Amino acid sequence: MSICYVTSPVGRLALEADRDALTGLRWTSAGDAAHDEGSTALLKEAARQLERYFARTLMRFDLPLAARGTDFQKSVWKMMSEIPYGETATYGGMAMALGSGPRAIGMACGRNPIPIIVPCHRVLGSGGKEGGFSGGQGLPTKRKLLALEGVVLL
């Protein structure tokens, strides 16, 4: 596994890859490894795309992904990846489309190993309520990501 660290407006991030695919993005602290461990061309490209995303010049990531999860989780993550920049979906709407329940969608969102790039922050509760967010500082991080994309929460 290769890893590189990125400083972002929502905190310090660790990008992780195996071979030729991104496998993870997680929030990390300054106490974690101070330098990249085997940073690859893929990780450098992922870092570049994140930088462009935070600068509001990239609206869709184009990276090879290899998220580990169940078939159901992968179907939820695929659906999340199709939510356009600046738009949102609801747990209930996704559940209906996948023949599941909103709680199961929420659980899959919470287990998303590649947040931001697989945009779980774009999934809201009914009536435009925030729902939850497991990355960074939780809901404040979700609000920042949505605000960055121009989404106004009620």
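**Student:** It is not clear to me how the environment of Gln73 should be interpreted in this structure. Could you clarify?
**Tutor:** Its location among the elements puts Gln73 in helix H2 (residues 71–81). Relative accessible area serves as the criterion here: at 13%, Gln73 is assigned to the buried category. Separated by 72 residues in the primary sequence, Gln73 and Met1 place their C-alpha atoms 22 Å from one another. Discounting chain neighbours no more than four positions away, the residues touching Gln73 are Ala108 and Arg111. A distance of 2.9 Å separates the side chain of Gln73 from the backbone nitrogen of Thr70, its partner in a polar contact.

**Student:** Sorry, what's going on with the pairing of strand S2 (residues 11–18) here?
**Tutor:** For S2, a buried count of six out of eight residues is recorded, marking the element as mostly surrounded by other parts of the structure. Examined bridge by bridge, strand S1 (residues 2–8) and S2 share seven bridges and lie antiparallel to one another. Bridge pairing in S2 places Ile3 opposite Glu16. Here S1 folds back onto S2 in antiparallel fashion, the turn holding two residues. As defined by bridge partners, S2 adjoins strand S3 (residues 21–28) across seven bridges and the pair is classed as antiparallel. Across the sheet, the residue bridging to Arg12 is Thr28, located in S3. The turn joining S2 and S3, which pair antiparallel and follow one another in sequence, is formed by two residues; a positive phi near 55° is taken by Arg19.

**Student:** Could you clarify how one ought to interpret helix H4 (residues 102–110) in this entry?
**Tutor:** Residues three or four positions apart in an α-helix share a direction because the helix packs 3.6 residues into each turn. Within H4, the full set of buried residues consists of Ile105, Ala108 and Cys109. The buried residues of H4 occupy one face: seen down the axis, they fall within an arc of 105°. Where H4 is buried, its residues meet H2, helix H3 (91–98) and strand S5 (123–124).

**Student:** Hey, could you run me through helix H5 (residues 139–148) in this one?
**Tutor:** Thr141, Lys142, Leu145, Leu146 and Leu148 are the residues of H5 that are buried. In an axial view of H5, the angular spread of the buried residues amounts to 160°, which keeps them on one side of the axis. On its buried face, H5 sits against S3, helix H1 (41–54), H3 and S5.

**Student:** Is there a simple way to think about the pattern of salt bridges in this case?
**Tutor:** Side chains carrying opposite charge are able to pair once their charged atoms draw close together. With the rule as written, the count across this model stands at six salt bridges. The closest approach of N and O atoms between Arg122 and Glu149, which form a salt bridge, is 2.8 Å. Taken as a pair, Arg122 in the loop between H4 and S5 and Glu149 in the segment after H5 lie far apart in primary sequence, 27 residues in all. One exposure class covers both Arg122 and Glu149, and it is buried.

What counts, and at which threshold
Residues numbered from 1 in each chain as written. Predicted model: local features only at pLDDT ≥ 70, side-chain atom pairs only at ≥ 80, totals over all residues. Heavy atoms only, no water. Helix = DSSP H or I, 4+ residues; strand = E, 2+ residues; numbered from the N terminus. Buried < 20%, exposed > 50% of the residue type's maximum accessible area, 1.4 Å probe, protein only. Contact = heavy atoms within 4.5 Å. Polar contact = N/O pair within 3.5 Å; in protein donor to acceptor, adjacent residues only side chain to side chain. Pairing = 2+ DSSP bridges. Arc of directions from axis to C-beta. Salt bridge = Lys/Arg side-chain N within 4 Å of Asp/Glu carboxyl O.

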